[in-house]
Amino acid sequence: MKPAPAVVSSVRGELALRCTGLHRYLGQGEGRVHVLKGVSFEARRGQIYAIVGPSGCGKSTLLYLLGLLDQPDGGQIEINGHLMSNSDDLARTAARGAHIGFVFQFHFLMLEFTALENVMMPMRKLAKMPVGEMEARAHALLESVGLGAKSRRLGTQLSGGEQQRVAIARALANEPSILLADEPTGNLDVKNAGMVFDLLTSLAKDRGQAVILVTHNPEIAQQCDLTRPMRDGVFV
Amino acid sequence: MSPNLRIAYRFLTAKKRAMLMSLSCTILGVGLFIVTQATTSGFEAFFIETILGINGAIRIEDKIQDTMRSMEAASGSDFQVRQREGQKYIEGVEEPQQIISVVSEFANVRGASAVLRGNVQLTSSFTTKDAQVFGINLEDHLRVSNLAEKITNGSLDEFRGSPSGALVGRVLADYLQLGVGESFVVFSRGESRRFHVSAIYETGYRDVDKANVYLHLSEARSLLRKPTGATFIQISLYDSNRAPGEAAHLEEVLHYSVKPWQVREQTWLTAFRALRISSAITVTVFTLIASLAMFNTLAMIVLEKTKDIAILRSMGYERRDITQIFMWQAGIVLAIGAALGALFGAGVTWAVGRVPLPINGIFKTETFVVAWSARHYVEAVATAIVMVMVASLVPARRAARLEPGDIIRGTAQ
């Protein structure tokens, strides 16, 4: 195993996330691939980070590890100063609910629910406020993504761009300190892609959230505070 | 409404056809369970009621005498060893009144009646038939049987006031072409005596109705030449289900052979038990189908909702939340299915109870016999809960085990 590279830090705001020497293997037997080879990274609140690289270089795998959706085979992950890489599923789940918001390439809305209910879903689990307050907050978030008028529509009654905007509102529902976005504009046309990216970054900046996004789009990467190119499982 | 229940409800209603299939199977499972239980236990309960009404809960029959083996020491010695070797039964009951007075001390005993039985031949103007006479003290016997309720022609008052009166079974009366007030001759031990029909009864138990003739005990004693004793003592209990325990106690106290109805009617009861087990197996298959339908529906929903499961997990929903969401779905189907199934079962039971089914053998009925018991409903719902919930656990746990990273990456197994 290679030694972990020196941690590159973009010092602005409070440290939200840190990973050191992350390794991850995928597959089994002869098909086992060393996807991440000792990746280290830091993210601070109020900063937008872009991870770029060719397909299969390990960008999404890294994002899922940082989002505690997957467990590393080696290395450490700290969320808001808490070491999470060795913690159990329950603790990682709780950390995801409280500190991390996700936006995926495909919106992953729950289509049987309205836009409002989708945004309220993480809040209901966290149960930090009364339902009325949750509803008001969800409304406000949908307003901020320009969908206040469509809050009662089911996921199936919204366009692709609108669905992705609902997904952004949902990701922000619990005021997470970290927002992880996996190709959030990858499935949208140019106009919608620009709108979604602008929304994502402006809302996150306003709230002092660390945004880490994986993208193939160089234009979007250029607009981020820091771009980290990746190749063959390491930052280059 | 909890978030998990809300999600469960939406997941379920999104798969209306599959949900309706599971619901229908649950309704059928619960409903048919109730109907089957109501019909099988209906006939069994009716049979028990009939035989308790005729023969009482307990019979004291034969005296038990221990047989002893004795060994004596050499002559001149008083030393003797006696060893119990076995038991011998002496037919009949000696001094029945003394035994009745002892029996009456038992709290669960409602009544006791001494009965003298003998084989006779009956001759009417038309024909002759073998029969059995039962000498009874009417008032005692009415306390241990439902004879009064079974009178179809004539009256017990006439029997009370007439020493030569007789109560004749419906089938026997028809065979001899006897009506109320008509006389017949009873032959026994070379002697004949004339009696008349005071009343005709019909218990519905064909073996009884075709052979039994009730006479006054004193007349029967004279006819059968048994001035003392009785063939058996018939006992009725307040709680017939406690008959085996009471019988054992009585046997120990009286040193008589005492048979509870459960032993006496063992053959029929075993047949009913076999029927009940057979129907229970059938019913279990219905419920199993309901649980398989639920399993199928949930497995389908798990397959279709993997992405939703992943997004829920990414939002902080725990594995147990995912399990709960799927168990709630089973719970919703169960709750609605159990309620509708109980209504369906009650409706079908009511309808079956009106189906014409003339039976006259071990009991008499004109329609299908059904039993209404809350226990059937509780058992049906409990069986459905256990089977459906167990079947639902598999897909629910599978859903909870899904790794969100694998789903999003598209490598979920």
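Only a predicted model underlies this, so the values are computations on that prediction, with no experimental measurement involved. (Residues numbered from 1 in each chain as written. Chains lettered and ligands numbered in written order. Predicted model: local features only at pLDDT ≥ 70, side-chain atom pairs only at ≥ 80, totals over all residues. Heavy atoms only, no water.)

A short note on the sheet that holds strand β7 (residues 178-182) of chain A
An order of β6-β7-β8-β3-β9-β10 (chain A) is seen for the six strands of this open sheet, with the pairing classed as mixed. Two strands bound the open sheet, and with one partner strand each, they are β6 (100-103) and β10 (234-235) of chain A. (Pairing = 2+ DSSP bridges. Helix = DSSP H or I, 4+ residues; strand = E, 2+ residues; numbered from the N terminus.)

Observations regarding helix α3 (residues 115-126) of chain A
Buried residues dominate α3 of chain A, accounting for ten of its twelve residues. The secondary structure elements touched by the buried residues of α3 of chain A are α4 (131-144) and α5 (160-171) of chain A together with α1 (3-14) and α12 (306-314) of chain B. At the C-terminal side of α3 of chain A, A127 of chain A shows a positive phi close to 50 degrees. (Buried < 20%, exposed > 50% of the residue type's maximum accessible area, 1.4 Å probe, protein only. Contact = heavy atoms within 4.5 Å.)

So, the interface of chain A and chain B
In this complex, chain A contributes 24 residues to the contact, which on the side of chain B involves 24 residues. At the boundary of chain A with chain B, total buried surface from both sides reaches about 2,500 Å², with 62% on carbon and sulfur atoms. Here chain A is connected to chain B by six salt bridges. Here R10 of chain B ties to E117 of chain A by a salt bridge, and the two come within 2.9 Å at their closest N and O atoms. At the boundary of chain A and chain B, one finds nine residue pairs in polar contact (both at pLDDT 80 or more). Put simply, the parts of the chain that give the side of chain A that touches chain B at least two residues each are β1 (15-26), α1 (59-66), α2 (89-99) and α3 of chain A. (Buried area = accessible area lost by both parts, 1.4 Å probe. Salt bridge = Lys/Arg side-chain N within 4 Å of Asp/Glu carboxyl O. Polar contact = N/O pair within 3.5 Å; in protein donor to acceptor, adjacent residues only side chain to side chain.)

Structural notes on the domain arrangement of chain B
All names here are of chain B. In terms of domain boundaries, chain B breaks down into domain 1 (3-53 + 268-409) and domain 2 (100-230). In this structure, domain 1 and domain 2 have C-alpha centres spaced 52 Å apart. Contact with domain 1, which involves eleven residues of that partner, is made by nine residues of domain 2. Taking both partners together, domain 1 and domain 2 bury about 700 Å²; carbon and sulfur atoms supply 46% of that area. Taken together, the connections running from domain 1 to domain 2 amount to zero salt bridges. Counting across the interface, domain 1 meets domain 2 through one residue pair in polar contact (both at pLDDT 80 or more). Counting residues per element, the side of domain 1 that touches domain 2 draws most heavily on helix α2 (residues 16-55), at five residues. Residues that form the side of domain 1 that touches domain 2 fall into these classes: five nonpolar, four polar and two charged. (Domains from an automatic or database assignment. Nonpolar A, V, L, I, M, F, W, Y, C, P; charged D, E, K, R; others polar.)

Observations regarding the environment of L176 of chain B
Residues and elements named next belong to chain B. In this structure, L176 sits in helix α6 (residues 170-176). With relative accessibility at 0%, the residue L176 sits in the buried group. In the structure, L176 is positioned 53 residues away from T123 in sequence and 7.4 Å away in space, judged by C-alpha atoms. For L176, the contacting residues outside a window of four places in its chain are L122, S124, F126, T127, T128 and K129.

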